[in-house]
Amino acid sequence: MNHLAIDNLTFAYTPKHPTLKDVALRIPVDSWTLFYGASGSGKSTLMRLLAGLLPKYGGRILQGSIELPNGLTVAMMFQDPGMQFALDTPQHELEFALENLQLPASEMPARIEHALKFCGIEHLRDRQLATMSGGEQQRAALAVLVAMDTDILLLDEPFASIDNHNRTLLIQQLTLLQQKYHKTIIVADHDLHGYRGLAKQIIHFENQRAQLLDAAASDALLQSADQLAATVHHVKLPTASDQPILTLKKVVIEHGNQKLIMANDFSFFKNQATLLTGATGTGKSSLFKAITHLAAYQGTIVYNDQDSQKIKPRRYAQQVGYVFQHAVDQFLSVTVKEELALSLKKGRNPYFDEDHLAAALKLLDLNKLQDRVVYSLSGGQQKKLQLLLMLMMGQPVLLLDEPFSGLDLHSLHNVVDLIKASQKVYPQTMIIISHQLEGLEKLIDRHVKLADCQLSYREEF
Amino acid sequence: MNPSFKLLLVLIIALEVSFTRHLTINLVLVAVAIIYLLTKRIRPRLFGWLFLMPLFPAVAVFITIAWFSPGHDYFYAWVLFSRIYVYVFTGAAITQTTSPLELTRSLEQNLHLPSKFAYGTLAAVNLIPRIKMAVKTIRAAGQMRGINLSWLSPTLYFKAILHAITWSDQLAQAMESHGYVEDRARTSVHQITLTARDWSILIISIILIQIITFALP
């Protein structure tokens, strides 16, 4: 048998709502396969089924079967980079994995060396994983898979929160693994750029089904994704009439012993949507944490001509909102309805009256999910709900950390439309970290790039 | 000394000290622990902390027994005072000279603790910084939605427990996907040795402690 066989598989987390229905697929080994589809379409679920994590960790196979070729080993890399290590450093995690495989101790150093080198993280081997950026963590996670030398590598949205540089680098290494070492690689991704010539087949997930696309359809899909990714968008530089709302004065932000950001006098401007970009690990999220006082910094962050540290935390939280990278961090209640009620009660964004809220829910495909437990929603649904909840709160400044990750293009456009509509009635200052640039041109007014510890305005993104 | 044996010895000491009223043994143990820590070149600042931190509870216990107990038993007050320092310094003798990973590996290899337990605990320890950040984030999330979550707020605990549940599930999946299989043999890259020297240190220490406790006044 030279393929992974999936036969009329129906799988459900809750008995009445199957996530996958009658799925029949043949995924060839020694090849690169892409799982493509909207958020919540079941890519992740099938991947975990292939990895043997499901139904062990939840759900039930209602019918059908999955069969892997005899003797082939499987390992998986997860969407959340920080949650896939049991130990503290890459070196220790690699040792742990190889011990699990019962590799003799004498063979370990060479394997570990090779894996670290392969992923370009030799210099990070003894660094604490917890202090590493998402991109670095994903490279460490890949190093573990390389060291384990498994036959089938499953990667679930591995690039969801990392930048293009690291994405390209990881794709290159995966290609090498596929072509030189004949690994079977399956990647779930909602963004298809950069896969042309690599992925042999694309499996499209939609309406609980999954089907193999033919060569022509696959190629068309990959080509249009590449075109979109190569597009350059132009924005203006700040003008003299722009009013500063957040100013960093002699601010230094560090992570461990490493200086991330040094800003002598840098301002973000009122009622503009500013895109913040920069390679993984440069400190974009750390900047947000400093602005919201969740992390320490040196210097002064001035909000509306006032030292932000001198504003009472409770009041400051009403001025500057933070849309977290992980949607679940935002939730405080149990069901979608309760979350909405809370934001409706405490929120100050006048745009969201009853009608507009109902329309927004429909636009975001959340209207039928009111009784669902927020934690049971798919990643994309959680992202959309989170953004809506924070828009309703109506802080004058909103910091958005990867608000579009895990959203397919259709959802992304709807989210952008919603933000624009709300902005028209109730202008807000938004600073947006996003690796996903496609589809944002309508929204973005300014672009700030973080490189070499410095923030600077740019004319294109 | 072998990490597991070190832990074993300190546990035995803690137990024995808890059930005896003997000042000499307490002082000897504190002195030995300090000398041991000195040979391991512990930072002076940390020493300062080890002395200062227990001072408040130790003095409180001392005052309670010496001044407010019916017998005004000064001897017993000193015993309790020094007992707290025995706990702190012998505890530090482990934590300051052994990493959690070394201890885990030793427990797994030398005492044959199930690896599930050993690595599960270790993974949890590695989660501590994440837990701290999570609590901060939960409170910030509350404030940004107009609710102040106090330290007693059920929402805070609900969210924290939820985090713990998801994390433990994710960690279990991650460990499994890194090749870990419950109850299956593992190799070890770092052999933690258990030598005759470890055995003799353990046994001789225990005998010495008995002699001082029961033979000396």
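Criteria and thresholds
Residues numbered from 1 in each chain as written. Chains lettered and ligands numbered in written order. Predicted model: local features only at pLDDT ≥ 70, side-chain atom pairs only at ≥ 80, totals over all residues. Helix = DSSP H or I, 4+ residues; strand = E, 2+ residues; numbered from the N terminus. Rg over C-alpha atoms; globule rule 2.2 N^0.38 Å. Buried ≥ 20, exposed ≤ 12 C-beta atoms within 10 Å, placed from the backbone. Contact = placed C-beta atoms within 7 Å. Nonpolar A, V, L, I, M, F, W, Y, C, P; charged D, E, K, R; others polar. Pairing = 2+ DSSP bridges. Axes fitted to C-alpha atoms, helices over the stretch in contact; angles between N-to-C directions. Domains from an automatic or database assignment.

Re the overall build of chain B
When its secondary structure is counted, chain B shows 10 helices and zero strands. In chain B, the succession of helices and strands from N to C terminus is α-α-α-α-α-α-α-α-α-α. Taken over the C-alpha trace, chain B has a radius of gyration of 22 Å; the compact-globule value for 217 residues is 17 Å, which it surpasses by more than 25%. Taking the principal axes of the C-alpha coordinates as reference, chain B spans close to 60 × 50 × 30 Å. Residues classed as buried in chain B amount to 28% of the 217 residues present. At a minimum sequence separation of 6, the contacts of chain B that also span at least 24 residues come to 73%.

Digging into the overall build of chain A
Summing up its helical and strand segments, chain A has 12 helices and 19 strands in all. For 461 residues, the compact-globule estimate of 2.2 N^0.38 gives 23 Å, and chain A sits close to it at 23 Å. Seen through its principal axes, chain A has C-alpha atoms that stretch 70 × 50 × 40 Å. Taking all 461 residues of chain A together, the buried fraction comes to 48%.

Looking at the interface of chain B and chain A
Listed per partner, the contact involves 38 residues of chain B and 43 residues of chain A. For the side of chain B that touches chain A, the leading source of residues is helix α9 (residues 154-177) of chain B, giving 11 residues. Residues belonging to the side of chain B that touches chain A are distributed by class as follows: 18 nonpolar, 14 polar and six charged.

With respect to the environment of L62 of chain A
All names here are of chain A. Tracing the backbone shows L62 in strand β4 (residues 60-67). Each C-alpha atom, one on L62 and one on L9, is 7.6 Å from the other, the two residues being 53 residues apart in sequence. For L62, the residues in contact, after removing those within four places along its chain, are T10, F11, A12 and P18.

Some points on unusual backbone geometry
Each neighbour pair has its own omega, and for L54 of chain A with P55 of chain A the value is 0°, a cis peptide bond. With respect to the secondary-structure elements, P55 of chain A resides in the loop between α1 (43-50) and β4. Despite not being glycine, D183 of chain B has its phi angle at roughly 60°, a positive value. Note on placement: D183 of chain B falls in the loop between α9 and α10 (196-215). The class of D183 of chain B is exposed, set by 7 C-beta atoms lying within 10 Å.

Digging into the sheet that holds strand β2 (residues 17-28) of chain A
Residues and elements named next belong to chain A. Pairing in this open sheet of three strands is antiparallel, and the strands run β2-β1-β4 from one edge to the other. With partners counted over all chains shown, the strands left at the sheet margins are β2 and β4, one partner each. Sheet twist, expressed as the mean angle between neighbouring strand axes with direction ignored, is 10°. Inspection of the sheet shows strand β1 (residues 3-14) paired to β4 by six bridges, in the antiparallel sense.

Focus on the domain arrangement of chain A
Residue and element names in this part refer to chain A. According to the domain assignment, chain A contains domain 1 (3-230) and domain 2 (244-458). The C-alpha-based centres of domain 1 and domain 2 are spaced at 29 Å. The partner domain 2 presents 20 residues to the 20 residues of domain 1 that form the contact. Those elements giving two or more residues to the side of domain 1 that touches domain 2 turn out to be α4 (134-148), α5 (164-181) and α6 (215-230). A per-class count over the side of domain 1 that touches domain 2 returns five nonpolar, 11 polar and four charged.

Some thoughts on the pairing of strand β6 (residues 152-156) of chain A
The side chains of a regular strand alternate, residue by residue, between the two faces of the sheet. Residue and element names in this part refer to chain A. The element β6 is largely enclosed, with a buried count of five among its five residues. Here strand β5 (residues 74-77) pairs with β6 via four bridges, running parallel. Bridge pairing in β6 places M76 opposite L154.

So, the domain arrangement of chain B
Its domain assignment divides chain B into domain 1 (3-100 + 190-215) and domain 2 (115-177). Between the C-alpha centres of domain 1 of chain B and domain 2 of chain B the distance comes to 33 Å.

Quick word on the sheet that holds strand β14 (residues 306-307) of chain A
Residue and element names in this part refer to chain A. What the four strands build is an open sheet, ordered β11-β10-β13-β14; its pairing is antiparallel. For this open sheet the edge positions go to β11 (258-269) and β14, each flanked by a neighbour on one side alone. Pairing between strand β13 (residues 298-303) and β14: two bridges, direction antiparallel. By the bridge assignment, V302 is partnered in β14 with D307.

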